[in-house]
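Chain by chain, the residues run as shown.
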Amino acid sequence: MKSLKLRFKPDVRPKVPPLNYRHHFHAGNFADLLKHALWLRLLVRLTADPGPLTVVDTHAGAGLYDLQDAMAQRSREAEAGIARLMAADAPGVFAPLKAAVTAENPDGKLRYYPGSPLLTVRALRKGDRFVGCELREDDQATLQALLDQRARGRAEARAVLADGYAELGAGADRRRHAYIIDPPFERGDEYAQIIDGVGRALEADPRAVIAIWTPLKDLETFDSLLRGLEAIDPPSLLVAEARLRPLMDPMKMNGTAMLFVNAPELQADARAAAEWVVATCGERGGKAQVRRLVG
């Protein structure tokens with residue numbers, strides 16, 4: 001694995017955190033379907049190994065979202081996302097996500113959507129660890145309260161007020177590590193932060209498994225991220241794209257992608273999930289694509 005020298009070294013300890021974005025705004029949208037379905041399938045494979053696992057969520061959020069709250073109602077994106085999934089006879093790759101959403105809505109009505117921290121803790125075992133990083137003090141406090149309640153008898157879980165990028169590769173030990181990087185893309189250096197952070201995580205632990213979410217807007221921005229990750233020379237890099245429409249307008253979210261470094265075999269699941277998302281949520285010219293760039 002090669003270390004990547006960036007022209008501009010990102011500041012991994014920003015003095016002023018991004019405060020505008022919240023996961024609540026887009027909870028349960030089409031991008032969450034691909035992201036969370038594949039993340040849960042990855043956790044199934046990682047927890048099949050009896051060794052203890054540490055999971056770090058770099059941009060954790062509050063953990064559980066009320067879809068009737070004003071923040072979610074502002075965009076109503078869940079109606080074209082999780083609401084369609086819960087009403088559909090979808091491929092088996094979505095089964096763990098549907099089960100988790102059903103568990104949060106025992107009355108059968110779709111109101112609450114679990115974020116990646118809660119989905120992760122549900123999947124981890126006693127002896128595993130979860131660290132959720134969050135820069136908003138209110139969301140970090142909400143997440144810690146949720147973890148205190150939901151992690152009992154499961155993994156050791158905590159929410160920390162920290163820049164998740166700084167945690168990539170920090171405190172590596174003999175345990176296996178997995179990271180989920182799900183940033184707001186509010187800062188101008190987010191892509192550089194991802195590339196630099198993945199490099200540090202692999203340098204600290206070449207076995208680290210890393211899942212990265214990114215929106216798809218224009219092709220050049222996406223290709224630039226892929227080139228940066230390839231330049232690190234990771235052991236493997238799998239790319240799963242759900243393009244709802246051609247990537248022509250950089251001001252519009254035209255699709256979603258999940259990138260996996262060092263992940264166990266996920267291609268079949270990724271293809272099934274991406275194809276369903278495009279078929280169900282996409283427009284004319286939409287395209288699902290799964291490719292292994294490295295490894």
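Above this text sits the structure in question.
Residues numbered from 1 in each chain as written. Predicted model: local features only at pLDDT ≥ 70, side-chain atom pairs only at ≥ 80, totals over all residues. Heavy atoms only, no water.

**Remarks on the nonpolar core**
By size, the foremost hydrophobic cluster in this structure holds 90 residues, and its most contacted members are Phe94 and Val198. Counting residues per element, this core draws most heavily on helix α1 (residues 30–46), at 11 residues. Those residues in contact with Val198, other than ones at most four positions away along the chain, are Leu168, Ile181, Ile210, Ile212, Leu229, Ile232 and Val261. (Core = buried A, V, L, I, M, F, W, Y, C linked by side-chain atoms within 4.5 Å. Buried < 20%, exposed > 50% of the residue type's maximum accessible area, 1.4 Å probe, protein only. Helix = DSSP H or I, 4+ residues; strand = E, 2+ residues; numbered from the N terminus. Contact = heavy atoms within 4.5 Å.)

**Details of the packing of helix α5 (residues 116–123) against helix α6 (residues 137–150)**
Across the interface, α5 lies against α6 with an axial gap of 11 Å and an inter-helix angle of 20°. As far as their axial angle goes, α6 and α5 are roughly parallel. The hand of the α5/α6 crossing is right-handed. Seen from α5, the contacting residues are Pro117, Leu118 and Val121; seen from α6, they are Leu143, Leu146, Leu147 and Arg150. For the contact of α5 with α6, the per-class residue count stands at 6 nonpolar, no polar and 1 charged. (Axes fitted to C-alpha atoms, helices over the stretch in contact; angles between N-to-C directions. Parallel < 35°, antiparallel > 145°, perpendicular 65-115°, else oblique. Left-handed = near helix turned anticlockwise from the far one by under 90°. Nonpolar A, V, L, I, M, F, W, Y, C, P; charged D, E, K, R; others polar.)

**Here we look at the packing of aromatic side chains**
Overall, the coordinates contain 3 aromatic pairs when judged by the stated rule. A ring pair is formed by Phe185 and Trp213, whose centres lie 5.9 Å apart and whose planes are at 65°; its orientation type is edge-to-face. Taken together, the residues Phe185 in the loop between β6 (176–181) and α7 (190–204) and Trp213 in strand β7 (residues 209–216) connect sequence positions 28 residues apart. In this arrangement the basic side chain of Lys35 is found over the ring face of Trp213, its NZ or CZ atom lying 5.2 Å from the centre. (Phe/Tyr/Trp six-rings, centres within 6.5 Å; stacked < 30°, edge-to-face > 60°. Lys NZ or Arg CZ within 6 Å of the ring centre and 35° of its normal.)

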